[in-house]
Amino acid sequence: MDVSAAAALGAGIAAGLAALGASLGNGSIITKTVEGIARQPEAKGALQSTMFIGVGLVEALPLLTWVLALLLMFTK
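Here the residue index of a chain counts from 1 through its sequence in written order. For this predicted model, a pLDDT threshold of at least 70 governs which residues receive local features, and a threshold of 80 or more governs which side-chain atom pairs are given and counted, while totals over whole chains, interfaces and linings are taken from all residues. Derived side-chain values reflect all non-hydrogen atoms in the structure, with water molecules and hydrogen atoms excluded from consideration.

We now examine the UniProt feature "transmembrane region" (unreviewed entry) in the protein chain. UniProt positions are given in the numbering used here, feature names are shortened, and annotations may be inferred rather than shown by experiment. The positions that UniProt labels "transmembrane region" (unreviewed entry) are, in the present scheme, residues 51-74. A run of H or I in DSSP becomes a helix once it reaches four residues, and a run of E becomes a strand once it reaches two; helices and strands are each numbered from the N terminus. Helix makes up 100% of residues 51-74 and strand 0%. Its end C-alpha atoms lie 36 Å apart.

This part is about helix 2 (residues 44-74). Residues spaced three or four apart along an α-helix face the same direction, because each turn holds 3.6 residues. A helix is expected to span 1.5 Å multiplied by its residue count minus one. Over its 31 residues, helix 2 runs 45 Å from end to end, which matches the ideal 45 Å to within 8%, given 1.5 Å per residue. What helix 2 keeps buried is the set M51, G54, V55, P62, T65 and A69. The secondary structure elements touched by the buried residues of helix 2 are helix 1 (5-39). Between buried and exposed lies partly exposed: a residue is buried under 20% and exposed over 50% of the maximum accessible area for its type, with that area taken using a 1.4 Å probe on protein chains only. Only heavy atoms enter the contact rule, under which two residues are in contact if any of them lie within 4.5 Å.

A word on the side chain of N26. Summarising the element assignment, N26 is placed in helix 1. Not counting residues up to four positions away in its chain, the partners in contact with N26 are V55, V58 and E59.

Here it is, written out as C-alpha cells:
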C-alpha cells in the first residue's frame, strides 16, 4: 500500500477542517441551548433533547469525512 503525499495531505486537511467545523457547530448549538434554558427554564427537557439530536448530527460530519479520507488515501 503506497500512499502518495498528495493523498495523505488531502486526507489530513479534510479531517482537520471537518473537526474544526464540528467543534464550531457544537459550540454554537450548546451556546444557544444554554441561552434558551436561561430564558425559559421550564423548557429545559425539550431543549436538551433537541440539543442532543443536533450534536449527534453535527458529529456525523467528521466521522464521514474520516471514512472519506481513508478511502482517498488507500484506493488507487
